[in-house]
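# An overview of the molecular structure
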Amino acid sequence: MKQGREADSAYMREAIREALKAAGKGEVPVGAVIVRGGRITGRAHNQVEQLKDATAHAEMIALTQASSAAGDWRLDGADLYVTKEPCPMCAGAAVLSRVRRLVYGARDEKAGAAGSRMDIARDGGLNHRIEVLGGVEEEECRSLLRDFFRRRRSSGG
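Our subject in this report is the structure included herewith. Just so it is clear, the model here is predicted, and its values are computed rather than measured.

A separate point is the nonpolar core. Ranked by internal contacts, the top residues of the largest apolar core, which has 42 residues, are Met 12, Ile 34, Leu 80, Tyr 81, Leu 102 and Ile 130. No other element matches the six residues that helix 1 (residues 4-24) contributes to this core. Those residues in contact with Ile 34, other than ones at most four positions away along the chain, are Arg 39, Ile 40, Thr 41, Gly 42, Ala 62, Leu 63, Ala 66, Ala 78, Asp 79 and Leu 80.

So, in structure tokens, the structure goes:
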């Protein structure tokens, strides 16, 4: 796969495919992929409703898969691509997993923890800081979320 911005867009498109799976199941449409050594080692979408588990965010599941594939909880050199800026739980898990880089699509002004509401990803007081790049495939990522919540409100859900 190509390097730089082109690779970031290609991997984000994979995360968007995961988000579409979530939307198809009535879940908040967030998808994530973990890339390490040029290959995807974890991929997931939100499964909170399906699993009845508040921690079943796309990032958490993808981190677990990537750790399993690596045989180690340390994901040094891994990049996390996610369609929406991670919440505090997911940003904290990425820091603890030692993810190298976080690339996200849509900002989350209410609960984003990679620069919007707070910045756990780059907090200097933690044992690890993550390089952050936001706004990759932003419009499509934001549209998925906006359309999902618009449908939910109109159906009374």
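From this point, things continue past the structure.
Mapped onto the elements, Asp 8 comes out in helix 1. Those residues within four positions of Asp 8 in sequence are excluded, and the remaining contacts are Tyr 81, Arg 101, Val 103, Leu 133 and Val 136.

A word on the sheet that holds strand 3 (residues 79-84). Spatially, 2-1-3-4-5 is the arrangement adopted by the five strands of the open sheet, whose pairing is mixed. For this open sheet the edge positions go to strand 2 (39-45) and strand 5 (131-133), each flanked by a neighbour on one side alone. Adjacent strand axes in the sheet meet at a mean angle of 15° when their direction is disregarded. Sheet topology places strand 4 (residues 101-106) next to strand 5; three bridges connect them, and they run parallel. Paired with Leu 102 across the strands is Val 132, a residue of strand 5. Against the sheet, helix 5 (residues 138-154) contacts strand 3 and strand 4, and its axis sits at roughly 60° relative to strand 4.

This brings us to the packing of helix 1 against helix 5. The interhelical angle for the contact between helix 1 and helix 5, taken along N-to-C directions, is 10°, at an axis separation of 11 Å. As far as their axial angle goes, helix 5 and helix 1 are roughly parallel. The segment helix 1 lies against helix 5, with Met 12, Arg 13, Ile 16, Ala 19 and Leu 20 engaging Glu 140, Cys 141 and Leu 144. In terms of residue class, the contact of helix 1 with helix 5 is made up of six nonpolar, no polar and two charged.

What counts as what
- Residues numbered from 1 in each chain as written.
- Predicted model: local features only at pLDDT ≥ 70, side-chain atom pairs only at ≥ 80, totals over all residues.
- Heavy atoms only, no water.
- Core = buried A, V, L, I, M, F, W, Y, C linked by side-chain atoms within 4.5 Å.
- Buried < 20%, exposed > 50% of the residue type's maximum accessible area, 1.4 Å probe, protein only.
- Helix = DSSP H or I, 4+ residues; strand = E, 2+ residues; numbered from the N terminus.
- Contact = heavy atoms within 4.5 Å.
- Pairing = 2+ DSSP bridges.
- Axes fitted to C-alpha atoms, helices over the stretch in contact; angles between N-to-C directions.
- Parallel < 35°, antiparallel > 145°, perpendicular 65-115°, else oblique.
- Nonpolar A, V, L, I, M, F, W, Y, C, P; charged D, E, K, R; others polar.

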